[in-house]
Amino acid sequence: MQEPIAPITWHNGQVEMIDQTRLPGELVFIRPRTVAEMWSAIKKLQVRGAPAIGIAAALGLYLAIKDSRARDRAGFEVELQQAAGYLASARPTAVNLTWALKRVQQAVAAAPASDIASLKEVVLKEALAIRAEDEAMCRAIGENGATLLQDAAAILTHCNAGTLATARYGTALAPVYYLASRGKVLKVFADETRPLLQGARLTAWELHQAGIPVTLITDSMAASVMARGWVQAVVVGADRIAANGDVANKIGTYGVAILAKEHGLPFYVAAPASTFDLSLASGAGIPIEERDAAEVTHFGLRPTAPEGIPVFNPAFDVTPHRYVTAIITEKGIIHPPYSENIARVLGA
Ligand code: MRU
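Everything quoted here is computed from the prediction, not taken from an experiment.

Enquirer: Provide a residue-level description of the packing of aromatic side chains, including the pertinent values.
Expert: Any two aromatic rings considered together are summarised by their centre-to-centre distance and by the angle between their planes. A complete count under the given rule lists four aromatic pairs for this structure. Centre to centre, the rings of W10 and Y62 are 5.7 Å apart; their planes meet at 80°, and the pair counts as edge-to-face. Of this pair, W10 sits in strand 1 (residues 8-11) while Y62 sits in helix 2 (residues 50-65), and the two are 52 residues apart along the sequence. A residue is classified by how much of its surface remains accessible, and Y62, at 12% relative accessible area, is buried.

Here it is as structure tokens:
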């Protein structure tokens, strides 16, 4: 297996990120230099996937304050707070974004040094720690998830929760990479994931690059693939998981979960602790991003619907916890009843 690529790195004093809107046609790197450029990269989905946007936002905070002329610590923290509010406004659903921003702010608040140069270093150090820890968490998710998938020949996934969506290795795809590195090759059926085709453009691309067998299907073919007995499990990522185990993930995930239940297949969600939002009792409180109508009415630049037609374009949906067989985290596998077990495993 080819080692999965790391989509966000800190290289020669610059943030370097794969422009995911250019895949699969071109592997192009962008180097945002300002907080506004990072905000725009997150908004436009040049960097996307819950853990990856958390890392990007944390590095975006550094871009915001690296040239700060704040006179004192209080002024510096105000600048940081303003930049965090701005970055958080880029996308509302993935909680990893606000989690990472808060974590950097807390690191600054707790720093013993109060000179501005040292505080800038704290911001960068914390952002890079978030990146490094995410890679380690994804590895652990891979190892934990592999125990559930050892006997499977193939899985189905929706959207992209692979290396491109994280620091490296992914969440849903981490067990696939982990098993492949130990000589067990799992085949993956990738839903294309309308309207922005993260499955076709990104999941299919990264698995193909890594040498993992992947078959691309349109979203409407998932039931057929399950009915034929071609997959033994579904594994997806998450953008936010409520305290009761309800899961927000890419639009269409809910339908896939219902299909899995009908076909007697386990439906696994793979996510790090940073994706849980225990302040929300259920998925009803998760904000769902709605995106531009043009994503639905056009295929690229080509119109595929009558001009001016009303469109509903939510980027995510919420899968009720009763459809979730287990949640794979870096701290272990969480089984129902989720209200008790999420708190127990994450608290541990
Ligand atoms: O709109 P996107 O591409 O950011 O949506 C991504 C997803 O829904 C992923 O499944 C989720 O963020 C988990 S990534 C490990």
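Next, the rest of the story.
Enquirer: Residues and numbers for the pattern of salt bridges, please.
Expert: Applying the stated criterion across every chain, the model contains 13 salt bridges. Across the pair D277 and R240 runs a salt bridge whose closest N-O atoms are separated by 2.7 Å. Of the two residues, D277 sits in strand 11 (residues 276-277) while R240 sits in strand 8 (residues 240-242), which places them 37 residues apart along the sequence. For the salt bridge of R291 with E295, the shortest nitrogen-to-oxygen distance reads 2.8 Å. Residue classification places R291 among the buried residues on the basis of a relative accessible area of 17%. Accessibility expressed as a relative area gives 15% for E295, which makes it buried. Because the salt bridges share partners, they merge into one network encompassing E3, R131, E135 and R168.

Enquirer: Mind laying out the state of the cysteines, listing which residues take part and the relevant values?
Expert: If you walk through the whole model with that rule in mind, you get zero disulfides. There is no disulfide at C138, and the cysteine sulfur nearest it, in C159, is 15 Å away. Exposure remark for C159: the relative accessible area of 6% places this residue in the buried category.

Enquirer: For the packing of helix 3 (residues 73-88) against helix 5 (residues 116-149), give the residues involved together with the corresponding values.
Expert: It is at 10 Å that the axes of helix 3 and helix 5 come closest, and there the two elements cross at 30°. Taken together, the axes of helix 3 and helix 5 are roughly parallel relative to one another. Of the two elements, helix 3 crosses helix 5, and the hand of that crossing is right-handed. On helix 5, the residues touching R73, F76 and L80 of helix 3 are I116, L119, K120 and V123. Each residue belonging to the contact of helix 3 with helix 5 can be placed in one class, and the counts come to five nonpolar, no polar and two charged.

Calculation rules
- Residue numbers here run from 1 along each chain, matching the order of that chain's written sequence.
- Totals for whole chains, interfaces and linings use all residues, but because this is a predicted model, local features are given only for residues with pLDDT of at least 70 and pairs of side-chain atoms are given and counted only at 80 or more.
- The basis for every side-chain value is the complete set of non-hydrogen atoms in the structure, without hydrogens or water.
- Centres within 6.5 Å make a pair out of two Phe, Tyr or Trp rings, where for Trp the six-membered ring is used; the pair is then stacked when the planes are under 30 degrees apart, edge-to-face when over 60, and tilted otherwise.
- Secondary structure follows DSSP: runs of H or I at least 4 residues long count as helices, runs of E at least 2 residues long count as strands, and numbering of each begins at the N terminus.
- With a 1.4 Å probe rolled over the protein chains alone, any residue whose accessible area is under 20% of its type maximum counts as buried; one over 50% counts as exposed, and the rest are partly exposed.
- By definition, a salt bridge exists where a carboxyl oxygen of Asp or Glu is found within 4 Å of a side-chain nitrogen of Lys or Arg.
- In what follows, a disulfide is any cysteine sulfur pair within 2.5 Å.
- A fitted line through C-alpha atoms serves as each axis, taken over the contacting stretch for helices, and the angle formed by two N-to-C directions is quoted from 0 to 180°.
- Here is the rule for angles: anything less than 35 degrees is roughly parallel, anything more than 145 is roughly antiparallel, 65 through 115 is roughly perpendicular, and the remaining ranges are oblique.
- The crossing is said to be left-handed when, going from far helix to near helix, the turn is anticlockwise and less than a right angle, and right-handed when the turn is clockwise.
- Contacts are residue-level and defined by heavy atoms, with any inter-residue pair within 4.5 Å sufficient.
- In this classification, Asp, Glu, Lys and Arg are treated as charged, Ala, Val, Leu, Ile, Met, Phe, Trp, Tyr, Cys and Pro as nonpolar, and every other residue, Gly included, as polar.

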